[in-house]
Amino acid sequence: MQDLNDLLFFAEVAERGGFAAAGRALGVPKSRLSRRVAELEQSLGAQLLQRSTRRLSLTPAGETCLRHCLAMRDAAHAAADAVAQVQTEPRGTVRVSCPVTLAHSAIGSLLPVFLAHYPQVRIDLRVLNRPVDLIEEGVDIALRVRAEIEDSGTLVAKHLGLSRARLVAAKVQIERQGPVHTLDDLTRIDTLAMSAQEERAIWQMRSPSGQVHTVTHSPRYVASDLETLKFALLQGVGAASLPDYMCREELADGRLVELLPGWSFPPGIVHAVFLRRRALVPAVRRLIDFLAERLTNADWMAIAD
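Residues numbered from 1 in each chain as written. Predicted model: local features only at pLDDT ≥ 70, side-chain atom pairs only at ≥ 80, totals over all residues. Heavy atoms only, no water.

Here we look at helix α9 (residues 244–253)
Right, so step 1: Every buried residue of α9 is listed here: D244, Y245, M246, C247, E250 and L251.
Right, so step 2: Residues of α9 that are buried in the fold lie against α5 (100–117), β6 (155–163), β7 (165–170), α8 (226–234), β12 (240–243) and β13 (256–258).
Right, so step 3: Downstream of α9 by a residue or two, G254 has a phi angle that is positive, lying close to 90 degrees. (Buried < 20%, exposed > 50% of the residue type's maximum accessible area, 1.4 Å probe, protein only. Helix = DSSP H or I, 4+ residues; strand = E, 2+ residues; numbered from the N terminus. Contact = heavy atoms within 4.5 Å.)

Dropping the structure here:
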């Protein structure tokens, strides 16, 4: 009978585009993977991979073989997950990625509550401002805030809520540069942004009547981290678009003022993405459900229109 490990090795090499990447994911030396795949080709009597100095590609036989190998691998994972699902008490490590501002505003305070409920669970939280590859990096749940939920054939997305952005400025800046009553007034005040192309940044804003306007501005200060921008904002360096959960306290005590009330930005969709089979694991499933309940009911989440 064919060694099933060889089929798994072939699937990993094909999916990851090379022996080195597959070796890192599996913890198997590249040389061993290459030898085992070559032995698989020999035993099947067919070439599965086209090898070149730059990349690997599948032959027609390799494409057919890969479909069956992936089905076999998924069935094996499903069997392991089904066994884990019968456990009455969630246990084990759940690996989560989360943007910095979401971690500071909500997730950082929620996860200790979850851990108190489930003492057999461990959480590995990776707080970073970059997209993660769940398969490549071994992440169970990736929390994201984006304008749209990406369509994926391998990942499941769970909608957790909406975050609304506000255009705000420090009171000291308004005293220095004057009030803002119209879009044209934005051209005479200093602004901040997370990114700019050729010293230009864009805000997409919707008027109270529903019309969408594109506002192009030249930010005086650009920083790729919202917390860093907030420091400059509070010092009166410039106006900025901030999620409402980051400026609610400052708006309440008067340090910040909202510019153009009634105007709005496209909301950020707060969501969790995960592999369908990983959601069968009790600890992962419970954490997804916990976050869905707590974040959906959080007072800083906007209600969808």
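Here the narrative resumes.
Some words on the pairing of strand β4 (residues 121–127)
Right, so step 1: Sheet topology note: the strand β3 (residues 92–98)/β4 ladder contains seven bridges and is parallel. Looking across to β4, one finds that S97 is bridged to R126. (Pairing = 2+ DSSP bridges.)

Observations regarding the sheet that holds β4
Right, so step 1: Across the sheet, which stays open at both edges, the five strands sit in the order β4-β3-β5-β14-β6 with mixed pairing between neighbours. Across the chains shown, the open sheet's two edge strands, defined by having one partner strand only, are β4 and β6. Neighbour to neighbour, the strand axes of the sheet diverge by 20 degrees on average, direction disregarded.
Right, so step 2: Lying over the sheet, α5 contacts β3, β4, β5 (141–146) and β14 (268–275), oriented at roughly 175 degrees with respect to β4. (Axes fitted to C-alpha atoms, helices over the stretch in contact; angles between N-to-C directions.)

Let's talk about the sheet that holds β13
Right, so step 1: Pairing is antiparallel across the open sheet formed by three strands, whose spatial order is β12-β7-β13. The open sheet terminates on both sides in strands that have one partner only, identified here as β12 and β13. Strand after strand, the sheet turns through a mean of 50 degrees between neighbouring axes, direction not considered.
Right, so step 2: Bridge count between β7 and β13: three bridges; the pairing is antiparallel. Across the sheet, A170 pairs through a bridge with L256, a residue of β13.
Right, so step 3: Sheet strands in contact with α8 are β7, β12 and β13, and its direction is about 125 degrees off that of β12.
Right, so step 4: Sheet contacts for α9: β7, β12 and β13; angle to β12, the most-contacted strand, approximately 105 degrees.

Description of the pairing of β5
Right, so step 1: Two elements, β3 and β5, share two bridges in a ladder whose sense is parallel. Across the sheet, the residue bridging to S97 is A142, located in β5.
Right, so step 2: Across five bridges, the pairing between β5 and β14 is antiparallel. Pairing of L143 across the sheet is with A272, part of β14.

Examining the packing of aromatic side chains
Right, so step 1: With the rule as written, the count across this model stands at three aromatic pairs.
Right, so step 2: Look at F114 and F290: their rings are 5.4 Å apart centre to centre, the planes differ by 55 degrees, and that puts the pair in the tilted class. Taken as a pair, F114 in helix α5 and F290 in helix α10 (residues 282–296) lie far apart in primary sequence, 176 residues in all.
Right, so step 3: By relative accessible area, F114 is classed as buried at 0%.
Right, so step 4: Overall, the relative accessible area of 8% leaves F290 in the buried class.
Right, so step 5: Seen in terms of ring centroids, W203 and F265 are 6.4 Å apart; in terms of plane orientation they differ by 75 degrees. Their pairing is edge-to-face. (Phe/Tyr/Trp six-rings, centres within 6.5 Å; stacked < 30°, edge-to-face > 60°.)

Some points on the confidence of the model for the protein chain
Right, so step 1: Averaged over all residues, the pLDDT of the protein chain equals 87, while 93% of them reach at least 70.
Right, so step 2: Considering each helix and strand of the protein chain separately, the mean pLDDT is smallest for helix α4 (residues 60–85), with a value of 81, and largest for strand β11 (residues 221–222), with 96. (pLDDT = per-residue confidence, 0-100.)

Side note on the pattern of salt bridges
Right, so step 1: Enumeration over the complete set of coordinates arrives at 18 salt bridges.
Right, so step 2: Across the pair E15 and R73 runs a salt bridge whose closest N-O atoms are separated by 2.9 Å. Of the two residues, E15 is situated in helix α1 (residues 4–16) and R73 in helix α4; the sequence distance between them amounts to 58 residues.
Right, so step 3: Between E250 and K230 there is a salt bridge; the shortest N-O distance is 2.8 Å. Of this pair, E250 sits in helix α9 while K230 sits in helix α8, and the two are 20 residues apart along the sequence. (Salt bridge = Lys/Arg side-chain N within 4 Å of Asp/Glu carboxyl O.)

Let's talk about the layout of surface pockets
Gaps left between atoms are located by rolling a probe of water-molecule size over the structure's atoms.
Right, so step 1: Size it by volume and the largest pocket reaches roughly 1,100 Å³.
Right, so step 2: Forming the walls of the largest pocket are 39 residues, and the residues nearest its centre are V145, R146, M194, L226 and P243.
Right, so step 3: Looking at the lining of the largest pocket, the element that brings in the most residues is β5, giving five residues.
Right, so step 4: By residue class, the composition of the lining of the largest pocket is 24 nonpolar, ten polar and five charged.
Right, so step 5: In this model, the second largest pocket occupies a volume close to 560 Å³.
Right, so step 6: Along the walls of the second largest pocket sit 24 residues, with H77, I135, L275, R277 and R278 positioned nearest its centre.
Right, so step 7: Take the lining of the second largest pocket: its biggest share by element is six residues, from α4. (1 Å grid on protein atoms, 1.4 Å probe; cavity = no way out; pocket = protein on both sides within 12 Å on 5 of 7 lines; lining within 4 Å. Points joined across faces, edges and corners; volume = space filled by probe spheres on them. Nonpolar A, V, L, I, M, F, W, Y, C, P; charged D, E, K, R; others polar.)

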